[in-house]
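Listed below are the residues making up each chain.
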Amino acid sequence: MGKLRFALIGCGRISKNHITAIATNGDVMELVAVCDPIEACAKKQADSYLEQSGKQTAIYADYQKALNELDIDCCAIATESGYHAEIALTCIRKGKHVLIEKPMALNTKDAELMIAEAKAHNVKLGVCHQNRFNAPIQELRKALDANRFGKLINGTARILWNRSMPYYEQAPWRGTWAQDGGTLMNQCIHNIDLLQWSLGGEPDTIMAMTGNYIRDIEAEDFGAILIRFKNGAIGIVEGTACVYPKNLEETLSIFGEEGTAVIGGLAVNRVETWNFAEASQQDDVVAALAGTDPKDVYGSGHNLLYADYANAIANDTQPLVSGEDGIKGMKIILAAYQSQKIGKPVKYDDLSFSTLDMSTSDIKQ
């Protein structure tokens, strides 16, 4: 099989990580088109790809025109969240593999349809939860798979960041129910994904309290979630965009009968605590991962995520973050929104909800 031919759809804030990932994996993939209705944004990313890879790429305002005119294998979707499902379904139905930024959709029905359509058209659907590829998170996963924690008790995901009003004003879709959701859906979903992945991946019941305190947006700027998993473990989420004066930390803590691990730093990239009843050679590897913070909260996990995605296509396997995996963090957050709206716990398996269902509910405190 030759190199995978990618089209990047959406050239906003996160797109630079996709450009770098494709260029870094240039032995197995290439970028043939960048698509954005704002030509200057598309040109900026085309120029970045040229600088990093030495190769030109086509520029399109209309992604569907690119799909009709070019030989494209894969579509990377990095648009506003509210457009994810519509664009993904269009690409899937044209037989294209799809790698989509988080959240994969803003309602359960769209996400479930994306998964079903990808299966029906025999294409790979992947979701960009790149922090799963952080070295400390990979070591945490090895410890979980080796049952080093023993019986899992609980875990916490703390996302203590700052998003000021200029951040929201720069892109008015942010913080809206129609196109985004609040800090839980936009900033916290990565760590919520890591929490559910670490605690068994089978949520049962979700309760939440959320509010809008100081940001002039529709959705929440702070949220707290309790998650009981089917294995009995309890997950706790604390997510905020209101930390003064800047981002403080993103931390994942996992507690078991025979082990404690805390992965923190700016973006779950540094081992802060690693204690287990039984010593292992793994501990020597982990000791070197106190590390330093990445230059921004996105880290460099996209590079490995793209490599994993290309491998899944080449070998007809599932990517590490498939559609079936990517829906879980999104559903936990939608369940949290519903819990806030009705004031009761919500069953994960019974959930059918959309961010738009919050647009008639004033959650301002």
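Structure: above.
Residues numbered from 1 in each chain as written. Predicted model: local features only at pLDDT ≥ 70, side-chain atom pairs only at ≥ 80, totals over all residues. Heavy atoms only, no water.

**Student:** Mind laying out the overall build of the protein chain, listing which residues take part and the relevant values?
**Tutor:** Along its length, the protein chain carries twelve helices and 14 strands. Relative to the globule expectation of 21 Å for 365 residues, the C-alpha radius of gyration of the protein chain, 20 Å, shows essentially globular dimensions. Each principal axis of the C-alpha distribution contributes one length, and for the protein chain these read about 55 × 55 × 45 Å. Going through the 365 residues of the protein chain one by one, you find that 58% of them count as buried. The long-range share in the protein chain, meaning contacts at least 24 apart out of those at least 6 apart in sequence, stands at 71%. In the structure as shown, the protein chain presents an accessible area of about 15200 Å², 50% of it carried by carbon and sulfur atoms. Distance between charge centres in the protein chain, computed from 35 positive and 46 negative side chains, equals 1 Å. (Helix = DSSP H or I, 4+ residues; strand = E, 2+ residues; numbered from the N terminus. Rg over C-alpha atoms; globule rule 2.2 N^0.38 Å. Buried < 20%, exposed > 50% of the residue type's maximum accessible area, 1.4 Å probe, protein only. Contact = heavy atoms within 4.5 Å. Areas by Shrake-Rupley, 256 points an atom, 1.4 Å probe, with all protein chains shown as cover. Lys, Arg positive; Asp, Glu negative; His and termini not counted. Charge placed at Lys NZ, Arg CZ, Asp CG, Glu CD.)

**Student:** Break down the pairing of strand E4 (residues 74-77) for me, citing the residues and quoting the values.
**Tutor:** The alternating pattern of E4 places Cys74 and Ala76 on one face and Cys75 and Ile77 on the opposite face, and all of these are buried. Sheet topology places strand E1 (residues 4-9) next to E4; four bridges connect them, and they run parallel. Among the inter-strand pairings, Phe6 is bridged to a residue of E4, identified as Cys74. Pairing between E4 and strand E5 (residues 97-101): four bridges, direction parallel. (Pairing = 2+ DSSP bridges.)

**Student:** Now, about the sheet that holds strand E8 (residues 203-211): what can you tell me, with residues and values included?
**Tutor:** Taking strand neighbours across the sheet as the criterion, the eight strands line up as E13-E12-E11-E7-E10-E9-E8-E14 in an open arrangement whose pairing is mixed. Edge positions in the sheet fall to strand E13 (270-276) and strand E14 (346-347), since each has one partner strand and no second. In this structure, E8 lies alongside E14, joined through two bridges in antiparallel fashion. When the sheet's bridge partners are listed, Thr205 is paired in E14 with Lys347. On top of the sheet, helix H6 (residues 135-145) reaches strand E7 (152-160), strand E11 (249-256), strand E12 (259-264) and E13; it is set at about 20° to E13, its chief contact. Running over the sheet, helix H9 (residues 189-198) touches E7, strand E9 (222-229), strand E10 (234-240) and E11 and is turned about 10° from E11. (Axes fitted to C-alpha atoms, helices over the stretch in contact; angles between N-to-C directions.)

**Student:** Describe helix H12 (residues 323-342), with residues and values.
**Tutor:** Every α-helix carries 3.6 residues per turn, so stepping three or four residues along brings you back to the same face. Its 20 residues give H12 an end-to-end C-alpha distance of 28 Å, which sits within 8% of 28 Å, the value for a rise of 1.5 Å per residue. Within H12, 16 of the 20 residues are buried, which leaves it mostly tucked inside the rest of the structure. (Expected span 1.5 Å × (residues − 1).)

**Student:** An account of the packing of aromatic side chains is requested, with residue identities and associated values reported.
**Tutor:** Under the counting rule described, the total for this entry stands at seven aromatic pairs. Judged by centre distance (5.0 Å) and plane angle (65°), the rings of Trp274 and Phe276 are edge-to-face. The cationic tip of Arg132 hangs over the ring face of Trp197; the distance from NZ or CZ to the ring centre is 4.3 Å. (Phe/Tyr/Trp six-rings, centres within 6.5 Å; stacked < 30°, edge-to-face > 60°. Lys NZ or Arg CZ within 6 Å of the ring centre and 35° of its normal.)

**Student:** How would you explain the pattern of salt bridges if you had to name every residue and give the values?
**Tutor:** Tallying each qualifying case throughout the model produces 16 salt bridges. One salt bridge connects Glu139 with Lys142, and the closest N-O pair in it is separated by 3.1 Å. Of the two residues, Glu139 and Lys142 are both situated in helix H6; the distance of three residues between them amounts to about one turn of the helix. Accessibility expressed as a relative area gives 9% for Glu139, which makes it buried. Using a relative accessible area of 46% as the deciding quantity, one classes Lys142 as partly exposed. Overlapping salt bridges, with partners in common, bring together Arg5, Glu30 and Asp71 in one network. (Salt bridge = Lys/Arg side-chain N within 4 Å of Asp/Glu carboxyl O.)

**Student:** Residue-level account of the sheet that holds E5, with values.
**Tutor:** Hydrogen bonds along the backbone pair up the strands of a sheet, which may run parallel or antiparallel. What the six strands build is an open sheet, ordered E3-E2-E1-E4-E5-E6; its pairing is parallel. A strand with exactly one partner marks an edge of an open sheet, and here the two such strands are strand E3 (58-60) and strand E6 (125-128). Across the sheet, the mean angle from the axis of one strand to that of its neighbour is 25°, orientation sign disregarded. Of the strands in this sheet, E1, E4 and E5 are in contact with helix H4 (residues 84-93), which crosses E5 at around 170°. Sheet strands in contact with helix H11 (residues 301-315) are E1, strand E2 (29-35), E4, E5 and E6, and its direction is about 160° off that of E5.

**Student:** Could you give me a rundown of unusual backbone geometry, with the residues and numbers involved?
**Tutor:** Cis geometry marks the peptide bond from Lys102 to Pro103; its omega dihedral reads -20°. For Pro103, the location among the structural elements is in the loop between E5 and helix H5 (108-120). Residue Tyr244 is joined to Pro245 through a cis peptide bond whose omega torsion reads 0°. A positive phi angle, near 60°, is found at Asn147, a position not held by glycine. Considering the arrangement of structural elements, one finds Asn147 in the loop between H6 and E7. In this model, Val268 sits at a positive phi of 40°, which is unusual for a non-glycine residue. Among the residues examined, Val268 registers a relative accessible area of 0% and is labelled buried.

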